[in-house]
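Survey of secondary and tertiary structure
Here is what each chain is made of, one letter per residue.
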Amino acid sequence: MHGEREFSNGSKISSRKGNSMGLVESGKMPKPLTKLLNMSRRYSMWVYQWGLACCAIEMGAAFASPRYDVMRLGVIPLPASPRQADFLVVSGTVTDKMAPAVRRLWEQMPDPKYVISMGSCANCGGPYWDSYSVTKGVDQVVPVDVYVPGCPPRPEALLEGIVLLQERIMNEDMAERWKGDPIVVE
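Residue positions are counted from 1 within each chain, in the order its sequence is given. Reporting of local features is limited, given that this is a predicted model, to residues whose pLDDT is at least 70; pairs of side-chain atoms are given and counted only at 80 or more, and all residues count toward the totals for whole chains, interfaces and linings. Each side-chain value is derived from all of the structure's non-hydrogen atoms; neither hydrogens nor water enter the calculation.

**Regarding the overall build of the protein chain**
- Only DSSP runs of H or I with at least four residues qualify as helices, and only runs of E with at least two residues qualify as strands; both kinds are numbered from the N terminus onward. A tally of regular secondary structure across the protein chain gives seven helices and seven strands.
- Listed by position from the N terminus, the elements making up the protein chain come as β-β-α-α-β-α-β-β-α-β-α-β-α-α.
- In the protein chain, which comprises 186 residues, the proportion classed as buried is 40%.
- We call two residues in contact whenever any of their non-hydrogen atoms come within 4.5 Å of each other. Expressed as a percentage of contacts within the protein chain between residues at least 6 apart in sequence, the contacts between residues at least 24 apart total 74%. Each residue is placed in one exposure class: buried if its accessible area under a 1.4 Å probe, protein chains only, is under 20% of its type's maximum, exposed if it is over 50%, and partly exposed if it falls in between.

Structural data, given as C-alpha cells:
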C-alpha cells in the first residue's frame, strides 16, 4: 500500500508517479465538456505581439484601430508579458540574431500556446531570403499554426488568420493534446 491513501467511503487515490487523477490526464473527456472548454479557450485568447518590421504597422492597425475590433472576436491584445499570452503573432523579418529571443519568449508562454506567422518575411524570409542574417521563416525557430501571407498583409488578413486559429482550437481534442507522461517538477 505504498503511496496509496484510502478514504472512509472506500475510494482510493495513489500518489505514485504516472497515475492520472483528472479527466484530461486520464483521456476520458466527455464530448460536451471538451466542446465547452474549447469554446471558452476560443473566445478568450490573449495575444503577444512581436512586431519586427513593416508588418508590425498592419498588426498595430488590426489590434488598436476601432475599425478592426479584435475584441469582438475574443482576442485581448494587451498582455504585459508572454506568461499571460495564449498565442504569439510574429510579424516582420526575423534575423538570426533575433531568433533566440523569439524562441525564449515562446518558451515562456504557458501551454497550450499557438503561433501566427504574419507576412512574407516571417513566413519564408520575404525579399531578404538570400541575406546571410535573415532566418528563412519563423517556423525554423518555433512551430507555426497559421501563416498569414502578404507583404505586408492587410489587417483583414490577420483577422482571418485569427478566425482560422479559433476554428482549430474549437476542433481540438484536449485529451489527445495532453496525453503522455505527466510533468514532474522537482
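**Describing the packing of helix α3 (residues 55-64) against helix α6 (residues 155-170)**
- An axis is simply a line fitted to the C-alpha atoms; with a helix, the fit covers only the stretch in contact. Between two such axes, the angle follows the N-to-C directions and lies from 0 to 180 degrees. At their nearest, the axes of α3 and α6 sit 8 Å apart, and the two run at 65 degrees to each other. Of the possible angle classes, the one that applies to α3 and α6 is roughly perpendicular. Taken as a pair, α3 and α6 cross one another with a handedness that is right-handed. Contacts from Glu58, Met59, Ala61, Ala62 and Phe63 in α3 reach Pro155, Leu158 and Ile162 in α6.
- Its residues assigned to classes, the contact of α3 with α6 comprises seven nonpolar, no polar and one charged. Any angle between 65 and 115 degrees counts as roughly perpendicular, while under 35 counts as roughly parallel, over 145 as roughly antiparallel, and the rest as oblique. Each helix crossing is assigned a hand: it is left-handed if the near helix lies turned anticlockwise from the far helix by less than a right angle, otherwise right-handed if that turn is clockwise. Three categories are distinguished: nonpolar for Ala, Val, Leu, Ile, Met, Phe, Trp, Tyr, Cys and Pro, charged for Asp, Glu, Lys and Arg, and polar for the others, with Gly belonging to the last.

**A closer look at the pattern of salt bridges**
- Just to be clear on terms, a salt bridge is a Lys or Arg side-chain nitrogen sitting within 4 Å of an Asp or Glu carboxyl oxygen. Summed over all chains, the structure comprises three salt bridges.
- Arg168 serves as the salt-bridge partner of Asp145, at 3.2 Å between the closest nitrogen and oxygen. Here Asp145, found in the loop between α5 (120-124) and β7 (146-148), pairs with Arg168, found in helix α6; they are 23 residues apart in sequence, far enough to count as distant.
- We classify Arg168 as partly exposed; its relative accessible area is 43%.

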